[in-house]
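Each chain is listed here by its residues.
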Amino acid sequence: MITRVGSITLDVPDLQRSIEFFTTKVGLEVTERDDATAYLRCADRHHDLILEQAANGEAALRHLNLEVEGDLSEHVARAVAAGAVDVGPIAHPGVAAAHVLEIPSGYGVKLYTGLESVTELPASPLQRPFRFSHFNIAVPEVAPMMEFFQAAFDLRPSDWIGSKEDPFLAWLHCPVFNAPHHGVAILKGDPKLHHVAFDYESVSGLVARVDNYVDESHYLVWGMGRHGTGGSVFAYTEDASGLLVELDSGMISIGDDPRWREAQVWSLTDQRAIDEWGSAIPEEWLAKRTAFIRPTETLDTLYEALT
Ligand SMILES: [Fe+2]
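Note that the structure is predicted; figures quoted are calculated from it, not measured.

Residues and numbers for the coordination of the iron ion, please.
Within the protein, H134 (NE2), H195 (NE2) and E246 (OE) serve as the donor atoms for the iron ion, at 2.1 to 2.2 Å. Each donor residue of the iron ion belongs to the same chain, and together they define the spacing H-x60-H-x50-E. Note that H134 is positioned in strand β9 (residues 131-139) and E246 in strand β16 (residues 244-249), a separation of 112 residues in sequence. Assigned by exposure class, H134 and E246 land together as buried.

Right under this line is the structure:
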C-alpha cells in the first residue's frame, strides 16, 4: 500500500539559494547535506524534500517519491504490470530501500520504505509545515494518468474538474483512513511539474509565512484563497529556481472529516472548485512549469558514457 505521498527530488541550479528559500520562507530544516544533495524536513521525518545540485544548472524534477508499506518488490511488480518501466533500485540516506520507475509521460517515481525518524525540531517563531502535502504534474490527457495511478499504485480518485472522461484537473489520495484529500494532482497540459505544496497546522501560521515571504520584489503568484476541492486555504509562492511552491492549511481528510463527502465532478464553471472566496486562476499561475528528467534518459546517458 502507498501510505503517503512523501516528497519530491528536485534538481536546482543553485543548491544554497534553494536551501535558503526552503528554510527561511517555507520553514523546513536541513537534516543533512553535502555539496551535491540536501535532505530537508518538516518535523521528525528524515526528509520531506530532497534537493540536488543540477549538473547542467537547470531546475528539473527528478523523482516523485511515494512511501510504501509492505514488500517493495511487490509494489514495483504491480506498477510495471500497469505500464511503468523498471529503472532499478537506488540507495540514499534516510530510507531503508528505494526503487525508481518511469511512468507514462516520462516522469520518474521513486517508491521507498523505512523512512528514518530523526530528532524533533525545536519550536520556531514562524510555524513550520508539518508535512509535504502534494505534487501537481501536467499531462496532455488527464484521464489515462488517473487510471494509471489507480492501477499502478492503488491511489484513489478524490475529485475531478470538468469531467471524468476529460478532466482539466483531477486529484488522488492514498487508500488510508484520514489520508489528506490529495497527495497527487494531475493537470491538463504539456508534461511538466506544475507545483509542490506543504501543509501548515493553522491558517494564522500560514498567514505569518505569507507575510514573511512578501517583500518589494516577491508577491504571491496566486492567493490567498480557499480551494473547494480539498478545502485548503492556499498561497502560491516561487522559489529561487522558478518552482511554484504552494503553502496550504486546512486540507480535508478522507473518511471522517465533515467536509469530505465523496469523490465528485466539479463543473468548470463552478467558482467554488477553484477558489471558494472568488478569485479566478491567474494566467501567471497556469504558465508556471518546471521541466523533469526522464529516468531512462539518465540511464541512456550513463550507458553512452561507459561505452
Ligand atoms: Fe496544489
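Past the structure itself, the notes keep going.
Help me get a handle on the sheet that holds strand β5 (residues 60-68), residues and values and all.
With respect to topology, eight strands assemble into an open sheet ordered β2-β3-β4-β1-β5-β8-β7-β6, the strand pairing being mixed. Each having just a single partner strand, β2 (29-33) and β6 (85-89) make up the two edges of the open sheet. Taking the axes of each pair of neighbouring strands and ignoring which way they run, one obtains an average angle of 25 degrees across the sheet. Bridge count between β5 and strand β8 (residues 108-113): four bridges; the pairing is parallel. The residue bridging N65 from the neighbouring strand is K110, located in β8.

Run through the packing of aromatic side chains, naming residues and quoting values.
Under the defined criterion, the tally for this structure stands at 13 aromatic pairs. For the ring pair F21 and Y213, a centre distance of 6.4 Å and an interplane angle of 90 degrees mean the geometry is edge-to-face. You can see F21 sitting in helix α1 (residues 15-26) and its partner Y213 sitting in helix α4 (residues 203-213), a full 192 residues away along the chain. Each member of the pair, F21 as well as Y213, is classed as buried. Every member of this aromatic cluster is reached through a ring pair, and the members are F21, F22, F132, F198 and Y213.

Tell me about the domain arrangement of the protein chain, residues and numbers included.
By the assigned domains, the protein chain splits into domain 1 (2-121) and domain 2 (131-287). Using C-alpha coordinates to define each centre, domain 1 is positioned 20 Å away from domain 2. Counting residues at the interface gives 41 residues for domain 1 and 38 residues for domain 2. By the criterion of area lost to domain 2, the three top residues of domain 1 are V5, K25 and Y107, representing 21% of everything that side buries. R78 is paired through a salt bridge with D154; the nearest N and O atoms lie 3.9 Å apart. In this structure, the connection of domain 1 to domain 2 is made through nine residue pairs in polar contact (both at pLDDT 80 or more). Listing elements by their share of the side of domain 1 that touches domain 2, those giving two or more residues are β1 (2-12), α1, β5, α2 (72-81) and β8. Residues of the side of domain 1 that touches domain 2, tallied by class, amount to 25 nonpolar, ten polar and six charged.

Kindly report on the nonpolar core, identifying the contributing residues and their values.
One finds F22, F135, F149 and F153 to be the most contacted residues of the largest nonpolar core, which totals 61 residues. The element contributing the most residues to this core is helix α3 (residues 142-153), with seven residues. Here this core gathers at least three residues from each of two domains, domain 1 (2-121) and domain 2 (131-287). Apart from the residues within four sequence positions on either side, F22 is in contact with G27, L28, L40, L49, L51, F198, D239, L243 and V245. In terms of nonpolar packing, the next biggest core, distinct from the first, is built from 15 residues, I161, A185, W222 and L244 among them.

Criteria and thresholds
Residues numbered from 1 in each chain as written. Predicted model: local features only at pLDDT ≥ 70, side-chain atom pairs only at ≥ 80, totals over all residues. Heavy atoms only, no water. Donors = N, O, S within 2.8 Å, 3.2 Å for Na, K, Ca; no water. Helix = DSSP H or I, 4+ residues; strand = E, 2+ residues; numbered from the N terminus. Buried < 20%, exposed > 50% of the residue type's maximum accessible area, 1.4 Å probe, protein only. Pairing = 2+ DSSP bridges. Axes fitted to C-alpha atoms, helices over the stretch in contact; angles between N-to-C directions. Phe/Tyr/Trp six-rings, centres within 6.5 Å; stacked < 30°, edge-to-face > 60°. Domains from an automatic or database assignment. Contact = heavy atoms within 4.5 Å. Buried area = accessible area lost by both parts, 1.4 Å probe. Salt bridge = Lys/Arg side-chain N within 4 Å of Asp/Glu carboxyl O. Polar contact = N/O pair within 3.5 Å; in protein donor to acceptor, adjacent residues only side chain to side chain. Nonpolar A, V, L, I, M, F, W, Y, C, P; charged D, E, K, R; others polar. Core = buried A, V, L, I, M, F, W, Y, C linked by side-chain atoms within 4.5 Å.

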